Amino acid sequence: MINSLLAIAIALICGLLVTRLMKIVGLPNVTGYLIVGLIIGPYALKLISEDVLLGAVWEVDGLRHGGLNIVSTVALGFIGFSIGVEFKLSHIKEIGKSAITITFCQAFAATLCVDVVLIILAVIAPNVMAIPEAIILGAIATATAPAATLMVVRQYKAKGVVTGTLLPVVALDDAVGLIVFAISNSIALSIASGEAITVLSILVYPLLEIICSLVIGAGIGALLSIVPRFFKSRDNRTIATIICVFLSLGICQLFEYMKEEGWVPFALSDLLVCMMAGAMFVNLRKEAGVMMEGTDRWTPVVLMLFFILSGADLNVMMFAENPWLIICIVLYIVFRCAGKYFGTMLGATVTKSDPNVRKYLGITLFPQAGVAIGMATMCKSEFAKAALAATDATVSEHLASIGANIVTITMCAVLIYELIGPVLTKWSLAKAGEISPEMLRKGRKKAVAVAGEGTALDVPATTTEVEPTTAEDNSVDNTDKK
């Protein structure tokens, strides 16, 4: 039997090799990671077994071995933290009302469009789609793929009003999505578990979860901001940043345990706590950019493994068992795109933005990847735990199937978005006149090479202003200076 460490080694080797193939075909690395995971996972070649993947624990020669769920948890923490680091108040003030209004309009429009059509489907054909699934997929629809968008902008050196609005919108969008997801996930879990629908369960507790997550995250971020006063070496500052994420995740798991024991009525959102920790940290310390550089050097391996394991979690056999899933995927893709496009058009009209922003910005927001996968993975984990806790076998099976369906729909949609998203983004920016004909000609020649340089992390690349540093700040000596 392949153990966890061997499974990690196989996954990383395959992920490293597939980056070369993605460079040749000109696709983002995350697409290759998902495909590799699907191939080596428990539903294809079975190089990674379901026990190892899902976290079963067994004993061999007196040693206890666990699954790889911890990798997904840690990766989600760093995804949330990276999103939070984008929220520097000075930068948000520069964005202006236009980008903020457009962000909220397109995010909520995508949620509304997906929710409405899938809830109607759930009412008409409850054996095809459950209402909790529809609610969560509507929340996941808010997320975009900043890395795919930024890759196109940088590759073709796009400049103009559409590009200038696009960059802050994709940075803000995922944060709005996390809040919508936290509310939707709590409501969907209550409905699916068969709990009585009350104001407490669908409004008060979700809001308390969000508020407490943000408050605790802010406290952790504030503690991290004190670290540079006492630890000057780069290595120790990097360690402190990593500790911050692990502390955030640990407190979230503690709240989850207390909820299971009945001590508190709600848990915390891993993504929100980590996001707020990053946001508080970046606004309190000018050294945040330098410290994040150290963290960014080692997180790619965690994120690569996360995407590969996410792909391995995709059970393609579900299509044979339930061919109607294909209809669900098509509806999700079409109505999410419609929400993004018309929501952007509404926001741009309200703020009297440039006509090109109204026409083309919405199309550039179609790509979706890392954060959406993170939401789906977290949702499946929470529904799996609820299924284990359920005393009724029918309810337990229903909860497990909801989580599996959400992962399947989201993963398939991401694969499609990652194939067509960058192409549509390039087309939109070219039609808006923000990519010069010369760059288009050069881009065709260099597209393969540039695509291979894309980051594995499909969350916002850190754009925090980096303050000038002293030799002391850049020291790699592990000895703390007084």
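Reading the values: the criteria
- Residues numbered from 1 in each chain as written.
- Predicted model: local features only at pLDDT ≥ 70, side-chain atom pairs only at ≥ 80, totals over all residues.
- Heavy atoms only, no water.
- Helix = DSSP H or I, 4+ residues; strand = E, 2+ residues; numbered from the N terminus.
- Expected span 1.5 Å × (residues − 1).
- Bend = angle between axes of the 7 residues up to and from the residue.
- Salt bridge = Lys/Arg side-chain N within 4 Å of Asp/Glu carboxyl O.
- Buried < 20%, exposed > 50% of the residue type's maximum accessible area, 1.4 Å probe, protein only.
- Polar contact = N/O pair within 3.5 Å; in protein donor to acceptor, adjacent residues only side chain to side chain.
- Core = buried A, V, L, I, M, F, W, Y, C linked by side-chain atoms within 4.5 Å.
- Contact = heavy atoms within 4.5 Å.

Quick word on helix α18 (residues 393–431)
- Helix length check: α18 (39 residues) gives 55 Å between terminal C-alpha atoms against 57 Å at 1.5 Å per residue, within 8%.
- The sharpest bend along α18 reaches about 35° and sits at Ile420, with the proline Pro422 one to four residues further on.
- Immediately downstream of α18, the backbone of Gly433 shows phi near 75°, a positive value.

Some words on unusual backbone geometry
- Its identity as a non-glycine residue notwithstanding, Lys46 has a phi of 65°, on the positive side.
- Residue position: Lys46 is located in the loop between α2 (29–40) and α3 (50–54).

Focus on the pattern of salt bridges
- Tallying each qualifying case throughout the model produces 2 salt bridges.
- The salt bridge involving Asp173 is made with Lys340; its shortest N-O contact spans 3.3 Å. Placement of the pair is Asp173 in helix α8 (residues 161–192) and Lys340 in helix α15 (residues 325–350), with a sequence separation of 167 residues.

So, the environment of Thr364
- Along the chain, Thr364 falls in helix α16 (residues 355–364).
- Using a relative accessible area of 0% as the deciding quantity, one classes Thr364 as buried.
- The sequence separation of Thr364 and Lys340 amounts to 24 residues, and the corresponding C-alpha distance is 9.2 Å.
- At 2.5 Å, the side chain of Thr364 and the backbone oxygen of Leu361 are in polar contact.

Some words on the nonpolar core
- In terms of nonpolar packing, the biggest core is built from 122 residues, with Phe81, Met129, Ile140, Tyr332 and Phe383 touching the most fellow members.
- Top contributing element to this core by residue count: α18, with 12 residues.
- Dropping the residues within four chain positions of it, Phe383 is found in contact with Ile136, Asn185, Ala188, Leu189, Ala192, Leu399, Ile402 and Gly403.
- Counting 18 residues, the second-largest nonpolar core is a separate cluster that includes Val153, Val169, Leu361 and Leu429.

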